[in-house]
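One letter stands for each residue in the lines below.
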Amino acid sequence: MQEKLKEIYDPQKFRKDGHDLIDLLADYLENSKKIENKEVLEFQSPDKMYQKWNQEKFQSLKGMEFYKAMIDDCTNVHHRQCIGHQISPPAPTSALASLVSAFMNNGMGVYEMGSSPTAIERLVVEVFAKAIGYDNAAGGFLTSGGTLANLTALLTARNLYKEKNIWEEGSRNRKLALMVSDQAHYCVDRAARIMGLGKEGVIHIKTNDQFQAKMESLEEAYKRATDEGFEIFAIVGSAGTTSTGSYDPIEQMGSFAKEKNIWFHVDGAHGGAVVFSEKYKTLANGISLADSVIIDCHKMLMAPAILTTLIYKEGNKAYQTFSQDAKYLLQQHEEEQWYDIALRSFECTKEMMSIKVYSIINEHGEGAFNDFVTRLYDLGDVFYELINERKNFRLATKPQANILCFQYYQEGMDDVRISKMNEEIRKQILQEGQFYIVKTQLNGQTYLRTTIMNPFTTKNEFVSLLNKIEKIGSQMT
Ligand SMILES: Cc1ncc(COP(=O)(O)O)c(C=O)c1O
C-alpha cells in the first residue's frame, strides 16, 4: 500500500485535525457574537481574490492555517450584522450532522445505501406534513434545494395532468402552461422552460402594492389563457416571495385551483417555515389545500445548505413523477417503495440530508423552529418601525416576514436618481464590510434589501445600519 494512501485515511490524523477544526469553528462562532467584532466580510474583487489564492504564500498554507485563512475571506453568516441573503446561520448541531453525512457518505438512492437516514427522512417529512396540516396520506422527501424541489413538484403536476403520461408520451402539439405571480422566484420560470413550456408557458398573475398575487388577475389571466387554448396544469403560490417576503393569498388560490381541478403548488422555500411559528402561521393559511409544498431548511430552519423538504398532500403521487425504471438500482415498483427514495427524487445519489434537520429536532426539540422563525419575523417588525419613523427613508411595502426593502432618498430627487444613489450606497456598504446587505429591483427601481436571518441581531444593529446609510447617502448629495 502506498504511504500516501495510508496517510490520507489515518484515523489519528483525522482525530487531531477534527478536534482542531471544531476548536477553530467554535472560536469563530464565539467571535461572531462579540459586539466589538465589526467585520462581516472583507470584500475583495473576484480577480483580486483569485490572485491572492493563486499565490505560493496562500497555497502553501496547510491544515488549520489553510482553514483559518479561507474562513477569514468568507462572509460571516453568524454575524449579527449579516442581514443580506436568505441563508441560515447554521445551528452547530446541524453542521456536525453535515460532517457525519459527508463522512458516512451513504448515497441514499436506495434503502441499503442509507438505511437509518432513510427512516429518519420519513420521520422528518412527517414533522413537516403535520405542521402544514396534512393528514396521514401525505408523504415526501428531502432534496437539493428549492429550485430542484419546485421543478420536481411541477413535473409531478404535469405528469398527472388529465391522467396523460407526459413522461412517456411527451407533450408535443399541446399548449401546456402554469400560472404564478410576477414576483415568483426565477426558478419557477426556469422550471417551466426546462419542461419545454417555453416563455409562453408561464402565465403571470399581477401583484398588488404588497407584492401579493391578485385574485382578479388570476381569474382574468386564467380565462384569457384557456380561451387561447392553453392547458393550465398548475398554479403556484409563493409563501413568501423572494424580494419582499410577501405571502400570496394561499387559501384563495388553493380554492380556485380546486374548483378548476388544477394542481396547486406552494413555493414556501423562504416563508413556508412559518407553519412552525405559533404566532405567524396564519400568514400561510390554506397551505394544506396545496397538492405540494416545498420548504427550504437552509433558509429559515437553521440547516446548512442545501436542503429542501418537498411534501405532497397525497404522498403516493410522488411515485408518478418519474415513471422510468433504472433496473440496475431499483426493483419494479408494484407497490410504493418509500424506502428507495430515488424513485421519487431527482437525485440518484444525495447527501444524508435528513440527519441535518433531525439533529436539530432531536437535540433542541421541534419548538426550536417556532423560536427561530418567530424571533426573525418579530425582528422584521422592529426594523420596520425604525425605518418607518426615519426621515429620508421609504419602504417598498410593510413587511410580512423578515425581508425588508427600502430606499434612502433626499427631497426633490427623482426615482432614477434615488435608484442610482441606493446602488451606490449598497456598493459602499459591501466594500466597507461592517454590514452585509443586498439590493433588489422592484417596479423598475433599486431598493436596499435586508433579510434578518440571525436571531441574535438586535435593534442596535438596525440603528447602526440606518445611521451608516444616512451618512453615506448624505455625503452623496
Ligand atoms: C421563494 C423562493 N423559491 C425558490 C428559491 C430557490 O431556492 P434554492 O436557492 O434553495 O434553490 C428561493 C431562493 O431564494 C426563493 O426565495
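Since this is a predicted model, take the numbers as computed values, not measurements.

An order of 1-7-6-5-4-2-3 is seen for the seven strands of this open sheet, with the pairing classed as mixed. At either end of the open sheet lies a strand with only one pairing partner, and these are strand 1 (139-143) and strand 3 (202-205). Across the sheet, the mean angle separating the axes of adjacent strands is 20° when strand polarity is ignored. Pairing analysis gives five bridges linking strand 1 to strand 7 (residues 308-312), with the strands arranged antiparallel. Note on strand 7: the bridge partner recorded for Gly-139 is Tyr-312.

Close contacts around the ligand come from 14 residues, with Gly-146, Thr-147, Thr-242, Asp-267 and Asp-296 the closest. Residue His-298 places a side-chain N or O atom 3.0 Å away from an oxygen atom belonging to the ligand. Here Lys-299 contributes a side-chain N or O atom positioned 3.3 Å from an oxygen atom of the ligand. Counting residues per element, the shell around the ligand draws most heavily on helix 8 (residues 146-160), which supplies three residues.

This part is about the domain arrangement of the protein. According to the domain assignment, the protein contains domain 1 (99-365) and domain 2 (368-476). Taking the mean C-alpha position of each, domain 1 and domain 2 sit 31 Å from one another. Opposite the 31 residues of domain 1 that make contact, domain 2 presents 24 residues. Buried surface at the junction of domain 1 and domain 2, summed over both partners, amounts to about 2300 Å²; 64% is from carbon and sulfur atoms. Our enumeration of links across domain 1 and domain 2 arrives at one salt bridge. The residue Asp-378 makes a salt bridge to Lys-279 at a minimum N-O spacing of 2.6 Å. Scanning the region where domain 1 abuts domain 2 turns up 12 residue pairs in polar contact (both at pLDDT 80 or more). Tallied by class, residues from the side of domain 1 that touches domain 2 come to 13 nonpolar, 14 polar and four charged.

What counts and how
- Residues numbered from 1 in each chain as written.
- Predicted model: local features only at pLDDT ≥ 70, side-chain atom pairs only at ≥ 80, totals over all residues.
- Heavy atoms only, no water.
- Pairing = 2+ DSSP bridges.
- Helix = DSSP H or I, 4+ residues; strand = E, 2+ residues; numbered from the N terminus.
- Axes fitted to C-alpha atoms, helices over the stretch in contact; angles between N-to-C directions.
- Near = heavy atom within 4 Å.
- Polar contact = N/O pair within 3.5 Å; in protein donor to acceptor, adjacent residues only side chain to side chain.
- Domains from an automatic or database assignment.
- Contact = heavy atoms within 4.5 Å.
- Buried area = accessible area lost by both parts, 1.4 Å probe.
- Salt bridge = Lys/Arg side-chain N within 4 Å of Asp/Glu carboxyl O.
- Nonpolar A, V, L, I, M, F, W, Y, C, P; charged D, E, K, R; others polar.

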